[in-house]
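One letter stands for each residue in the lines below.
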Amino acid sequence: MVLRSYWKCRLKSSCFPAPRWIRPGLAALFWFCVTQLVCGAGALGEVKFVIQKDAEFDVTYNDTVISENQTMYSFNHTISRNKTEGVRVTVDVLQQHLESPILFVIRQKQAVMSFQVPLILRGLYQRKYPYKHVGRTLCQPPTRAASETQYFFVDVSTLSSQGTNYQLRVSRVESFTLQTDRKFSFTASPSQPQFFKYVFPDGVDTVIVKVNSDVNFPCSVMSVQDIQCPVYDLDNNVAFIGMYQTMTKKGAITVQRKDFPSNSFYVVVVVKTEDEACGGPLRFYPLQPDELIDAGNRTKDLNVVVSPAINSEKYVIGMLFCLGIFLSFYVLTLLVACVENKRMKRREMFLNPPDMSPAETGKTPASPYEYGSFADNGSTLSSEAITDSATSTDNNYGYLGQEPFKRRPFLNHLHHLAIRIERSLDSVARSRQESLSSVEEDDYDTLEDIDSDKNIVRTKKYLCVSDLARKDKRILSKKYQIYFWNIATIAVFYALPVVQLVITYQTVVNVTGNQDICYYNFLCAHPLGALSAFNNILSNLGYVMLGLLFLLIVLKRDVTHNRALVRNDLNALECGIPKHFGVYYAMGTALMMEGLLSACYHVCPNYTNFQFDTSFMYMIAGLCMLKLYQKRHPDINASAYTAYACLAAVIFFSVLGVVFGRGNTVFWIVFSVIHILATLLLSTQLYYMGRWRLDAGVMRRIVYVIYTDCIRQCSGPMYIDRMVLLVMGNIVNWSLAAYGLIERPNDFASYLLAIAICNLLLYFAFYIIMKLRSGERIKCLPLVCILFTAVVWGFALYFFFQGLSTWQKTPAESREHNRDCILLSFFDDHDIWHFLSSIAMFGSFLVLLTMDDDLDTVQRDKIYVF
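Moving on, we get to unusual backbone geometry. Leave glycine aside and you will find that most residues have negative phi; peptide bonds, for their part, are mostly trans. Look at the link from F217 to P218: it is a cis peptide, with omega at 10 degrees. Within the element layout of this structure, P218 appears in the loop between β14 (206-213) and β15 (220-226). Cis geometry is found at the peptide bond from C229 to P230, where omega equals 0 degrees. The residue P230 is located in the loop between β15 and β16 (243-247) in this model. Its identity as a non-glycine residue notwithstanding, D58 has a phi of 60 degrees, on the positive side. Looking at the element boundaries, D58 is found in the loop between β1 (49-54) and β2 (60-65). Notably, N568 is not glycine yet its phi reads approximately 55 degrees, a positive angle. By secondary structure assignment, the location of N568 is in the loop between α10 (541-566) and α11 (570-574). According to the relative accessible area criterion, N568 is partly exposed, its value standing at 23%.

Quick look at the state of the cysteines now. Scanning the model with the defined rule gives four disulfides in all. A sulfur-sulfur separation of 1.8 Å characterises the disulfide bridge that pairs C139 with C229. Between C139 and C229, the S-S torsion sits near -85 degrees, and that sign places the bridge as left-handed. With C139 in the loop between β9 (133-137) and β10 (147-158) and C229 in the loop between β15 and β16, this residue pair connects regions lying 90 residues apart in the sequence. With a relative accessible area of 4%, C139 lands in the buried category. Across the disulfide from C518 sits C604; the S-S distance is 1.8 Å. Between C518 and C604, the S-S dihedral sits near -95 degrees, and the bridge is therefore left-handed. You can see C518 sitting in the loop between α8 (473-512) and α9 (534-538) and its partner C604 sitting in the loop between α12 (582-603) and α13 (610-632), a full 86 residues away along the chain. Each member of the pair C518 and C604 is classed as buried.

In this section: the nonpolar core. In terms of nonpolar packing, the biggest core is built from 110 residues, with Y483, F550, M587, F616, L623 and Y644 touching the most fellow members. Excluding residues within four positions of it along the chain, Y644 makes contact with Y483, N486, I487, I490, A586, M619 and L623.

Let us look at the side chain of T679. Here T679 lies in helix α15 (residues 665-687). The exposure class of T679 is buried, given its relative accessible area of 11%. Apart from the residues within four sequence positions on either side, T679 is in contact with N730 and N733.

This part takes up the pattern of salt bridges. By the definition in use, this model includes 21 salt bridges. A salt bridge links D820 to K210, with the nearest nitrogen and oxygen atoms 3.8 Å apart. With D820 in the loop between α20 (811-815) and α21 (829-850) and K210 in strand β14, the pair connects residues that are 610 residues apart, well separated along the chain. D852 is paired through a salt bridge with R632; the nearest N and O atoms lie 3.3 Å apart. In this pair, D852 sits in the segment after α21 while R632 sits in helix α13, placing the two residues 220 residues apart along the sequence. The class for D852 is buried, based on a relative accessible area of 4%. When its relative accessible area of 0% is taken as the criterion, R632 is described as buried.

Now for the packing of α13 against helix α14 (residues 640-660). Where α13 meets α14, the closest approach of the two axes is 10 Å, and the angle between their N-to-C directions is 145 degrees. The handedness of the crossing between α13 and α14 comes out as right-handed. Here Q611, S615, Y618, M619, G622, L623 and L626 of α13 lie close against α14, whose contacting residues are A643, Y644, L647, V650, I651, S654 and V655. The residue inventory of the contact of α13 with α14, partitioned by class, reads ten nonpolar, four polar and no charged.

Below, the discussion takes up the sheet that holds β9. Across a sheet, strands are paired by hydrogen bonds formed along the backbone, either parallel or antiparallel in direction. Read from one edge to the other, the open sheet built from four strands follows the order β2-β11-β4-β9, with strand pairing classed as antiparallel. Edge strands, defined here as strands with exactly one partner in the open sheet, are β2 and β9. Each neighbouring strand pair of the sheet contributes to a mean axis angle of 20 degrees, computed without reference to strand direction. Inspection of the sheet shows strand β4 (residues 86-93) paired to strand β11 (residues 164-173) by eight bridges, in the antiparallel sense. Following the sheet pairing, D92 is matched in β11 by Q167.

Right, let's get into the pairing of strand β13 (residues 194-199). Judged by how many residues are buried, β13 sits mostly within the fold: five of six residues are covered. Taken together, the six bridges between β13 and strand β18 (residues 264-271) define a ladder with antiparallel strand orientation. Looking at the pairing, Y198 lines up with F265 of β18.

Taken as a whole, this structure holds 54 aromatic pairs when the rule is applied. Judged by centre distance (6.0 Å) and plane angle (80 degrees), the ring pair of F667 and W668 falls under edge-to-face. As far as the burial class goes, F667 and W668 line up, both buried. Across the ring face of F57, the terminal group of R172 is positioned such that the distance to the ring centre comes to 4.0 Å.

Parameters and conventions
- Residues numbered from 1 in each chain as written.
- Predicted model: local features only at pLDDT ≥ 70, side-chain atom pairs only at ≥ 80, totals over all residues.
- Heavy atoms only, no water.
- Helix = DSSP H or I, 4+ residues; strand = E, 2+ residues; numbered from the N terminus.
- Buried < 20%, exposed > 50% of the residue type's maximum accessible area, 1.4 Å probe, protein only.
- Disulfide = S-S within 2.5 Å.
- Core = buried A, V, L, I, M, F, W, Y, C linked by side-chain atoms within 4.5 Å.
- Contact = heavy atoms within 4.5 Å.
- Salt bridge = Lys/Arg side-chain N within 4 Å of Asp/Glu carboxyl O.
- Axes fitted to C-alpha atoms, helices over the stretch in contact; angles between N-to-C directions.
- Left-handed = near helix turned anticlockwise from the far one by under 90°.
- Nonpolar A, V, L, I, M, F, W, Y, C, P; charged D, E, K, R; others polar.
- Pairing = 2+ DSSP bridges.
- Phe/Tyr/Trp six-rings, centres within 6.5 Å; stacked < 30°, edge-to-face > 60°.
- Lys NZ or Arg CZ within 6 Å of the ring centre and 35° of its normal.

Below, the structure written as structure tokens:
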């Protein structure tokens, strides 16, 4: 009882003083009693001698320990509240073969550390690596006093009956506290981890801890832990608390003051026993379970620097910059719309001066004999066109002498009424005849003459848009509106579980501290709230805003077109490319969803959720190709159900490729065969305009065509333009299939997206070339959009291929590609890719929307199909 009271008083430094020569003896006696109590029944009767030594810092002690005795080294040092000095214990065992390991126990005021030498660290498959040189830094508990002397003891013991030699050295770590923006170099190994303290300076709420090395291996781990004991600084326990990540050459963790109540933290660096976690080679499997493997030299030179992160002002500037860029497109669109509206009004005033009479302008005053009351729903003529014809009749008959002959209003009304009735009857008859082609949406008819008419029309050598725009416009309009409603439904059902999943991912990262789950650019990852990389999420705003702007532009065009139809405008009814806006609405929605899902992907980017970032890219590429084809093939374009079923199959293969495609030869063979077969089937469908059947007799018909056209007589293809496009398309797709089969790229999702983009670019280039070859022209606005979009795409792809991270490699290898922010100290290269690609996609959509505006006054029977 007296010993325990004396022990407490000594630690508190508040009891009666005792002579200095008595203290070590009493401490040794107390430790002897404690060890005897702990030993248990097996140790009863065994006498163990305790050797007490007052030790000093920076002195190397060469001693021997056996099972009959244990040595206790007593150290004391003064700690200060304003200055923290680290204490490091280094131990070496000099003998090669040991009967039993040596146990070192380090007792501090608020912590106990123990380890054995040789230190056994385990790797995969229970591989064991012994280390005879061990160095550990002691945890430094905080003190409230301005200055305080603390004691700690190093106890050495073993169960070996033979003497074991060892070296012990305790030294101070002068640079234990890291300074802001000051680089500190050090050396670490699996048995000699290092950790340092950092205190947040005033006015700094967020810092970035960067650890670098000149060599890739050995693999290491950096960790940020709170100021508490014990510090987890071994390979087998470093992941227990705090934030951690594996690293080769680079590592970076953003630390916020709010996460550490003490306003300070430890930076821990541990070298792993094996390199497999960093993508290095894996050692052989041990032949015997208890076999010890020599790890070799796994010492690594590193340096650490702690820098302040950006402040709240940078966040505000970044958000305002992002909003300003995309709001400027709204302003520019509004200005273009105003200029266009003003130009149209001038044109109307030029064509219809206000001082002209109704007969001269071709406009009839309102009367109860209005033409619209006699019009049939199938009529495609407008009152303006008929009155224009009447005006030309007036001009032919109206000159008697030197002045135009002016009819009386009543005679004018009768004259126009007669012309309207005649034209209306002709239009009804023509519409009825055209309806024989098909008014059914599913392209299946029961009358043989209708099917025969399709074969005659669609297999002509030279087709015009009027030949493929014969179906009822109301049915086609409803057919293409389904594109929008279907993609809106898909977006809701797809996005909701995606948002839920990425929130779970972010929660797991925040709770476990495992930063190997997400592949960020850690050198430019700015947190906000629970989000680890807010800048990567914010930069996706452009997709959403420009997608919404495109929807508004399409809506404006849709309303204008509907108004033209209501007033029976001839240009809207019978001229230009048929206007169907359903696919445009679907494209705008897909662009907005791409922004949302890309933001979800960047909440925690990794290989398991990369399909979130690519799914709607497939949608966009597919819808753009469908829209290009629909422009001049409105009657035979794929339905929304077929199109989305095909896109669903593409996404299905994307998931299979990500999960099973890495290095799987069987998968690549199957996919390449399916890719080539799909290319051939689609080529046949496009070449014959859908007038062929895939049934049991298809092979017989193929052989017959080859015999008659290639063997019996060598005749060229009937549709040369289509054949050129399809041959080029097959060359590109067969080449891509061969590349995938030979190289088997790890990033299957990007490979699949490359196939879609290559086919889209090929078709778009073919469309432009054929448009110019047919004598059509490109107006100023779409030409500017084409040039602008091409330039932006070039810059966007440059930033895309910078590759700041890649989930095809291990997280540590991915961090080797990390780079600092390059724009406003807030955005990195990938953020700029988001900005530019959203602008380029918006420009591409505008090109599709405006490319054929030059045909708005051209009759459809003069617009060629290609």
